[in-house]
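An overview of the molecular structure
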Amino acid sequence: MSVLRELGESFVSFLRILGDMALFLLRLVMYTPRGLLRFRLVVHQVHNTGALSLVIIMISGLFVGMVLALQGFDLLARFNSEDALGTAAALALIKELGPVVTALLFAGRAGTALASEIGLMKATEQLSAMEMMAVDPMRRVVLPRFLGGVIAMPLLVAIFTAIGIFGAWLVGVVMMGVDAGSFWSQMQANVSGDEIFEGVFKSVVFGIAASLIAVYEGYRAWPTAEGVGRATTRTVVLTAVSVLILDYMITAALL
Amino acid sequence: MQQTRTVELGTGLFVFLGVVALFFLTTQTTGFSGFMGGDAYRVTARFDNIGGLTTRAPVTMAGVTIGRVEAIEFDPERLNARVTMRIDGRYDQIPDDSEASILTAGLLGGQYIGLGAGGSFDNLRDGDEIYLTQSAIVLENLISRFLFQQSQEDQDD
Amino acid sequence: MGTLRADRGDRPLVEIRGLGFRRGAVKVFDGLDLDIQHGRVTAIMGSSGAGKTTLLRMITGQLRPDAGSVRVGPYDVATLSVDRLYEMRRNIGMLFQNGALLTDLDVFENVAFPLREHTRLPERLIRHIVLTKLEAVGLRGAARLLPQALSGGMARRVALARAVVMDPDLLIYDEPFVGLDPISMGVVVRLIRRLNEALGITSIVISHDIHELRDVSDHSFLLGDGRVIGEGAHRELMASEAPLVRQFMHGEADGPVAFHYPAPDYADDLFGPESRG
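Residues numbered from 1 in each chain as written. Chains lettered and ligands numbered in written order. Predicted model: local features only at pLDDT ≥ 70, side-chain atom pairs only at ≥ 80, totals over all residues. Heavy atoms only, no water.

Moving on, we come to the overall build of chain C. Secondary structure assignment for chain C yields 12 helices and 10 strands. Along the three orthogonal principal directions, the C-alpha set of chain C runs to about 75 × 45 × 40 Å. For chain C, with 277 residues in total, the buried portion stands at 51%. The contacts in chain C between residues at least 6 apart in sequence include a share of 64% that link residues at least 24 apart. (Helix = DSSP H or I, 4+ residues; strand = E, 2+ residues; numbered from the N terminus. Buried < 20%, exposed > 50% of the residue type's maximum accessible area, 1.4 Å probe, protein only. Contact = heavy atoms within 4.5 Å.)

Further remarks concern the packing of helix H1 (residues 2-37) of chain A against helix H6 (residues 137-175) of chain A. Residues and elements named next belong to chain A. At a minimum axis separation of 9 Å, H1 and H6 run at an interaxial angle of 90 degrees. Comparing their axes, H6 and H1 come out roughly perpendicular. Contact residues: Phe 24, Leu 25, Arg 27, Leu 28, Tyr 31, Thr 32, Arg 34, Gly 35 and Leu 36 in H1; Met 138, Arg 139, Val 142, Leu 143, Phe 146 and Leu 147 in H6. Its residues placed into classes, the contact of H1 with H6 shows 10 nonpolar, 2 polar and 3 charged. (Axes fitted to C-alpha atoms, helices over the stretch in contact; angles between N-to-C directions. Parallel < 35°, antiparallel > 145°, perpendicular 65-115°, else oblique. Nonpolar A, V, L, I, M, F, W, Y, C, P; charged D, E, K, R; others polar.)

Looking now at the packing of aromatic side chains. For the coordinates displayed, the defined rule picks out 7 aromatic pairs over all chains. Here the aromatic rings of A:Phe24 and A:Tyr219 are separated by 5.7 Å at their centres, their planes lie at 50 degrees, and the arrangement is tilted. Of this pair, A:Phe24 sits in helix H1 while A:Tyr219 sits in helix H8 (residues 193-219), and the two are 195 residues apart along the sequence. Considered together, A:Phe24 and A:Tyr219 belong to a single accessibility category, that of buried residues. When the ring of A:Phe197 is compared with that of A:Phe201, the centres are 5.8 Å apart and the planes differ by 20 degrees; the resulting orientation is stacked. Of the two residues, A:Phe197 and A:Phe201 are both situated in helix H8; the distance of 4 residues between them amounts to about one turn of the helix. Residue classification places A:Phe201 among the partly exposed positions, given a relative accessible area of 35%. One aromatic cluster is present, built from ring pairs that chain together A:Phe24, A:Tyr216 and A:Tyr219. When the ring centre of A:Tyr31 is taken as reference, the NZ or CZ atom of A:Arg139 above it lies at 3.9 Å. Sitting above the plane of the C:Phe108 ring, C:Arg144 keeps its charged end 4.7 Å from the centroid. (Phe/Tyr/Trp six-rings, centres within 6.5 Å; stacked < 30°, edge-to-face > 60°. Lys NZ or Arg CZ within 6 Å of the ring centre and 35° of its normal.)

In this complex, chain A contributes 17 residues to the contact, which on the side of chain C involves 21 residues. Across the interface of chain A and chain C, roughly 1700 Å² is buried in total on both sides, 58% from carbon and sulfur atoms. C:Glu117 is the partner of A:Arg140 in a salt bridge, and the nearest nitrogen-oxygen pair spans 2.6 Å. Taken together, chain A and chain C are joined by 6 residue pairs in polar contact (both at pLDDT 80 or more). When residues of the side of chain A that touches chain C are traced back to their parent elements, those giving at least two are helix H5 (126-132) and H6 of chain A. Ranked by the residues each element gives to the side of chain A that touches chain C, the list is headed by H5(A), at 6 residues. (Buried area = accessible area lost by both parts, 1.4 Å probe. Salt bridge = Lys/Arg side-chain N within 4 Å of Asp/Glu carboxyl O. Polar contact = N/O pair within 3.5 Å; in protein donor to acceptor, adjacent residues only side chain to side chain.)

The strands making up a sheet associate through hydrogen bonds between their backbones, and the pairing can be parallel or antiparallel. Residue and element names in this part refer to chain C. Taking strand neighbours across the sheet as the criterion, the 4 strands line up as S2-S1-S4-S5 in an open arrangement whose pairing is antiparallel. Looking at the sheet topology across the chains shown, the edges are occupied by strand S2 (26-36) and strand S5 (75-76). Relative to S5, strand S4 (residues 67-72) is paired through 2 bridges, and the arrangement is antiparallel. The partner of Val 72 across the bridge, within S5, is Tyr 75. Here helix H2 (residues 52-60) sits on the sheet and contacts strand S1 (14-23), S2 and S4; the angle it forms with S1, its principal contact strand, is near 120 degrees. (Pairing = 2+ DSSP bridges.)

Let us look at empty space enclosed by the protein. Under the definition given, this model contains 2 cavities of 30 Å³ or more. In this structure, the largest cavity spans a volume of roughly 140 Å³. Considering the residues around the largest cavity, the lining is formed by 16 residues, among which A:Met132, A:Met133, C:Ile92, C:Gly93 and C:Ala163 are closest to the centre. For the lining of the largest cavity, the secondary-structure elements that each account for two or more residues are H5 of chain A together with strand S6 (92-95), helix H4 (107-118) and helix H6 (152-164) of chain C. (1 Å grid on protein atoms, 1.4 Å probe; cavity = no way out; pocket = protein on both sides within 12 Å on 5 of 7 lines; lining within 4 Å. Points joined across faces, edges and corners; volume = space filled by probe spheres on them.)

Here we come to the sheet that holds strand S7 (residues 170-174) of chain C. Residue and element names in this part refer to chain C. Read across the sheet, 6 strands follow the order S6-S7-S8-S3-S9-S10 without closing on themselves; strand pairing throughout is mixed. Only two strands of the sheet have a single neighbouring strand rather than two, namely S6 and strand S10 (227-232). On average, each strand axis in the sheet is inclined to that of its neighbour by 20 degrees, with strand direction left out of account. With 5 bridges joining them, strand S9 (residues 219-224) and S10 adopt antiparallel strand pairing. Residue pairing across strands places Phe 221 opposite Glu 231, the latter belonging to S10.

A few words now on the domain arrangement of chain B. Domain assignment breaks chain B into domain 1 (1-33) and domain 2 (40-143). For domain 1 of chain B versus domain 2 of chain B, the separation of C-alpha centres amounts to 40 Å. (Domains from an automatic or database assignment.)

What follows concerns the arrangement of the chains. If you rank the 2 pairs of chains in contact by how many contacts each has, first place goes to chains A and B. One finds no contact between chain B and chain C; the C-alpha atoms of the two approach each other to within 11 Å at their closest.

Glancing now at the interface of chain B and chain A. Counting residues at the interface gives 27 residues for chain B, matched by 30 residues for chain A. In this assembly, chain B and chain A are joined by 0 salt bridges. Our count for the contact surface shared by chain B and chain A stands at 0 residue pairs in polar contact (both at pLDDT 80 or more). No other element matches the 17 residues that helix H1 (residues 2-28) of chain B contributes to the side of chain B that touches chain A. Considering only residue class, the side of chain B that touches chain A consists of 15 nonpolar, 10 polar and 2 charged.

In structure tokens form, the structure reads like this:
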């Protein structure tokens, strides 16, 4: 009996958090038109979440592309279809690995930074101080960070994917000797605008989800050192889980 | 001020790289590049069976992509498939008795149209039809024919 | 002059009537009445947990009371919409316990923050105002330091400059003396007095540092049991015979406020049935 009740209670609290987060998102969306006018604040956050994640995204993209080519080559060579390597690598990167891995890296690099920064501002009363100066922290602190993340994510995904394809080319063509012409032409013959759209669409959705979770967890953190620590952990876990679930849903919907 | 300048520079670099990457993905990895928007002419061909041919599949000659499949329709009168190809205007000296075959790129590759050069002195022009065609080889038909032959040989023994 | 001073009349600036507030089962306030007069430095004292900070949050509208009313100037705080609340707060400066400076901005930008958010003043004028305020707290030279590089006392002085940059009518200090060395303490004490006189504003100081308050306050309230238990000039409170006031003002360990948290009988606890268990 008590197990059932506990399950029920945790389900209710899950629903409450979900609802709270949805309302939070609604507020952010409502503030967005005026928030975009404060261009400088948003640019600053695009820098914090995007530009500062550039190196980790590029290195990860390169190696994901390289290992993909290595595995793909091994598999395709069994069917004498090494020429399909370009297609395989490009489709895997554009549709799945690019958006998903970038979102996971984003959660670890930018998401935790956002959550802990906002959480610390709360713990050190900076948010209260803003409220007392008649400045809404939702607009001044949370919104620019959210928008920065939403803008940065698709760009990060594009960079990750492009570098990944470069990595696949490096391993497939330069190291394994796949014909360069068929590598590219097969890719071009089989990748269509629909696939690019799927990747971009995913990156936008993941950008919204990952940024929302990070700023939400930061803003709702208990204003203590422990609370901020928990908020960053929750950010990573929640982002990872929801990105993977969303990924499945989008893939299924677009098939 | 020094600090804001680095921020702007870093952000600028980041956005620039992102846009370049997106541009690369949309133009270099997909079949949108090349002559699709440029000068081109259309020819048609009829096939009894197109197999897995799709629109935007390449049209090649001697292995070089010279165009793409633009449309595939079923002709209810003649009960076959009518394929419209869009061929790059640069290649305007293809004999009008050339042969069009539906081929498969590798075991896992997609299907494409290969043109085999004919001997005519007249060239294909916009709106022409290629009469000599070879349909896609459907693996099931091939296998059943092979099995049929085998069993006949068995009976002959 | 800001909106808080506009309709002055004879009414006090802050008027609290029948305030009630409970946190869980604990009654923090139970019918509290309190007036704060224009132009004075008013101290609100009380032992830890007496609800000083809660009271402050009710005055600024960060918390809403369960019962009673809070009026600040023309504003009925408990029923204000968010927009009106922010309008009121533009006329209130507040100094947080640890300063609460924005850590990603330097000292200059911290002080300039309210101006940038609420006004469209030209850069030259902002610079002029900010440097004047920083000079007033003696930290013009620290304008380009980041908050992390400041000592506790300096951070609080920067926060003070920020609190007065919009020329508020009411300035609230939340525990301004906590954790300061004696020199910084003296500096802050003098600043509170000087700002109140120079700007002609009203100040509220929340604290339990009786000795510093002696030099600062014109009028003091002592909170306890969810009500005001003592009121008057600092000297009068010191001389009060009321036992609760006496205990607090003279720092006696035991008195009406018991040293012991309520507990069962000591001997029972030590030798009772549970100890044998």
